[in-house]
Amino acid sequence: MRGSQLSTKHVLGIKYLTESDIRLIFETAENFKEVINRPIKKVPSLRDVTVANLFFENSTRTRLSFELAEKRLSADVVNFSASSSSVKKGETLLDTVNNILSMKVDMVVMRHPAPGAAYFLSQHIDANIINAGDGTHEHPTQALLDAYSMREQVGDLAGKKIAIFGDILHSRVALSNIFCLHKLGAKVRVCGPPTLIPKHIEKLGVSVSYSVAETMAWCDVANLLRIQLERQDIKFFPSIREYAQYFGINQDIINKTGKKIVIMHPGPINRGVEISSEVADSSDSIILQQVENGVAIRMAILYLLAAKR
Amino acid sequence: MKKGRTILDKERFSLTIERLCHQLIERYDNFEDTCLVGIQTSGVVMTNRILTGLQKILNIKNIQSGNLDITFYRDDFRIREKPLQASKTSINFDLENKKVILVDDVLYTGRTIQAAMSALQDHGRPSQVEMLTLVDRRFNRHLPIRADYVGITVDSIDEAYVQVEWAEEKGVDKVLLFGSKREK
């Protein structure tokens, strides 16, 4: 029988989770999905837990999703965003977090622009840490909700073909997705302009393609990523228009494959760039289901980490 | 090697279930606005058994029932050594103004029932809640909770362990009493 607890005290990245951790999170999320579809969407499990959401980088979806997950588990929640804090006054990350922990906080959800920030924190403080995105490194909760949503559509992922399109170079979602999908036995292919695909990415066991049409014909599920202009200090492609023309997904491309492809996007979507409005709003797109599942997945992670203490 | 003593064998087990069904009928007549809610996991098996019994006696099919998982409502969730794994809750109807019969196999400390009652609240406000149990260990309660319908009463010391075995899971219906949980 599978264990009923996680092998780790923190969720820093998919890299640090085992396959059975992932499956346990999915099973638990299943139960929470039932909870959030009730008229009264709340359980008292975490009533003695205080969670701090530390967002050193902008976020709408992830932050709301975490906050809702925490509140639906009855945890006490404190929020912090870097733009309105003492970080601007020169305080170090560790000092900021230690100050917050002195106020008796049990868990920390953190998003930070520096890769490895969550791991660094886990080496120095006692609270459970959940990585909500660290620079271009990992975004484990997004990868888990992506894989969970894929499973709902196509069943067990072993042997399934998943393509990730777009800005792989700057994407923590891509990296976490690759780790997570591999642990679940799926085949992964990345597709985008050569400048946005990291060199040697094949070493992670993924295949690489520069042709959207070819990749679409290959895959069962297409996960489209946003072009992260805020992380690009040089030009990786000539223009947004050109990108949209060569790598944007529209209905014609899907129709040409002659099969049903599940369309996913972690959001925020740029309509008319990586995805056309028609595709984003079509019945093949599960973008909004992903958001719903996000709350259930985050509830499962918070719950399982709280049980671990 | 099992050292448990059988305190309810197959024949008496089925008589007891039948008696519980009759007691319910005495109180609820044709089960209008009434539903059975089994507590995961053994309470669910018990609920199905009671339902089958009721349907046989009354010859009606539409008695409402649901399964309730109380894992997320337990008060010992963060002090247990081993975390519990949740099961499925499926109550596909509104409990608002319904008469609810909570069903579990063993009533011991009462904490499960306390959790179940807070869980029920999240599905609406029942007009009345009653409790049915196969085994009532009446001297080991931690909370002021009692059952309205009792299969058998077991008066035992705290260390003792009562195990209900169901034909669906173990092949034969019986209730066993062990000197302690380790003996199981």
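Every value quoted in this text rests on a predicted model; they were computed, and no experiment measured them. (Residues numbered from 1 in each chain as written. Chains lettered and ligands numbered in written order. Predicted model: local features only at pLDDT ≥ 70, side-chain atom pairs only at ≥ 80, totals over all residues. Heavy atoms only, no water.)

> What is the right way to look at the sheet that holds strand β5 (residues 161-165) of chain A in this model?
Residues and elements named next belong to chain A. Across the sheet, which stays open at both edges, the five strands sit in the order β7-β6-β5-β8-β9 with parallel pairing between neighbours. Across the chains shown, the open sheet's two edge strands, defined by having one partner strand only, are β7 (207-209) and β9 (262-264). Neighbouring strand axes in the sheet, compared pairwise and without regard to direction, differ in orientation by 25° on average. In the sheet, β5 pairs with strand β6 (residues 187-191) via five bridges, with the strands oriented parallel. In the strand pairing of β6, Lys161 is matched with Lys187. The sheet strands contacting helix α5 (residues 140-154) are β5, β8 (221-224) and β9, and the helix crosses β9 at an angle near 165°. (Pairing = 2+ DSSP bridges. Helix = DSSP H or I, 4+ residues; strand = E, 2+ residues; numbered from the N terminus. Axes fitted to C-alpha atoms, helices over the stretch in contact; angles between N-to-C directions. Contact = heavy atoms within 4.5 Å.)

> What am I meant to see in the side chain of A:Arg111 here?
Residue and element names in this part refer to chain A. By the secondary structure assignment, Arg111 is in strand β3 (residues 107-112). Buried charge without a partner: Arg111 forms no salt bridge, and the closest opposite charge is Glu57, 4.5 Å away. Beyond its immediate stretch of four places on either side in the chain, Arg111 contacts Leu54, Phe55, Phe56, Glu57, Asn58, Ser59, Thr62, Ala132, Gly133, His139 and Arg172. (Buried < 20%, exposed > 50% of the residue type's maximum accessible area, 1.4 Å probe, protein only. Lys, Arg positive; Asp, Glu negative; His and termini not counted. Salt bridge = Lys/Arg side-chain N within 4 Å of Asp/Glu carboxyl O.)

> Where do I start with the domain arrangement of chain A in this structure?
For interface size, the figure often reported is the accessible area lost on association. All names here are of chain A. Here chain A is described as being made up of domain 1 (14-138 + 291-308) and domain 2 (140-288). Facing the 31 residues of domain 1 at the interface are 28 residues of domain 2. Counting the surface lost from both domain 1 and domain 2, the interface buries some 2600 Å², and carbon and sulfur atoms represent 59% of this. Here Arg23 ties to Asp156 by a salt bridge, and the two come within 3.5 Å at their closest N and O atoms. Seen at the junction of domain 1 and domain 2, the total is 14 residue pairs in polar contact (both at pLDDT 80 or more). Broken down by secondary-structure element, the contributors of at least two residues to the side of domain 1 that touches domain 2 are α1 (19-36), α2 (61-72), β4 (128-134) and α11 (287-308). It is α1 that contributes the most residues to the side of domain 1 that touches domain 2, eight residues altogether. Looking at the side of domain 1 that touches domain 2 residue by residue, the classes come out as twelve nonpolar, seven polar and twelve charged. (Domains from an automatic or database assignment. Buried area = accessible area lost by both parts, 1.4 Å probe. Polar contact = N/O pair within 3.5 Å; in protein donor to acceptor, adjacent residues only side chain to side chain. Nonpolar A, V, L, I, M, F, W, Y, C, P; charged D, E, K, R; others polar.)

> Can you help me understand the packing of aromatic side chains in this one?
Geometry of an aromatic ring pair is reported as the spacing of the ring centres plus the angle between the planes. Counted under the stated rule, the structure contains eleven aromatic pairs over all chains. Seen in terms of ring centroids, A:Tyr16 and A:Tyr119 are 6.0 Å apart; in terms of plane orientation they differ by 15°. Their pairing is stacked. Linking A:Tyr16 in the segment before α1 with A:Tyr119 in helix α4 (residues 117-124), this pair joins segments that are 103 residues apart in sequence. The partly exposed category is assigned to A:Tyr119, whose relative accessible area is 39%. Through a chain of ring-to-ring contacts, three or more aromatic side chains come together here, namely A:Phe32, A:Tyr303 and B:Phe72. The aromatic ring of A:Trp218 is capped on one face by A:Arg189, whose charged end is 4.3 Å from the ring centroid. For A:Arg298, the ring lying beneath its charged end belongs to A:Phe66, and the centroid distance is 4.9 Å. (Phe/Tyr/Trp six-rings, centres within 6.5 Å; stacked < 30°, edge-to-face > 60°. Lys NZ or Arg CZ within 6 Å of the ring centre and 35° of its normal.)

> Please clarify how the environment of B:Ala116 should be interpreted in this entry.
Residue and element names in this part refer to chain B. Mapped onto the elements, Ala116 comes out in helix α3 (residues 111-121). Overall, Ala116 belongs to the buried group, its relative accessible area being 0%. As for Ala116 and Val37, which are separated by 79 residues in sequence, their C-alpha atoms are 9.7 Å apart.

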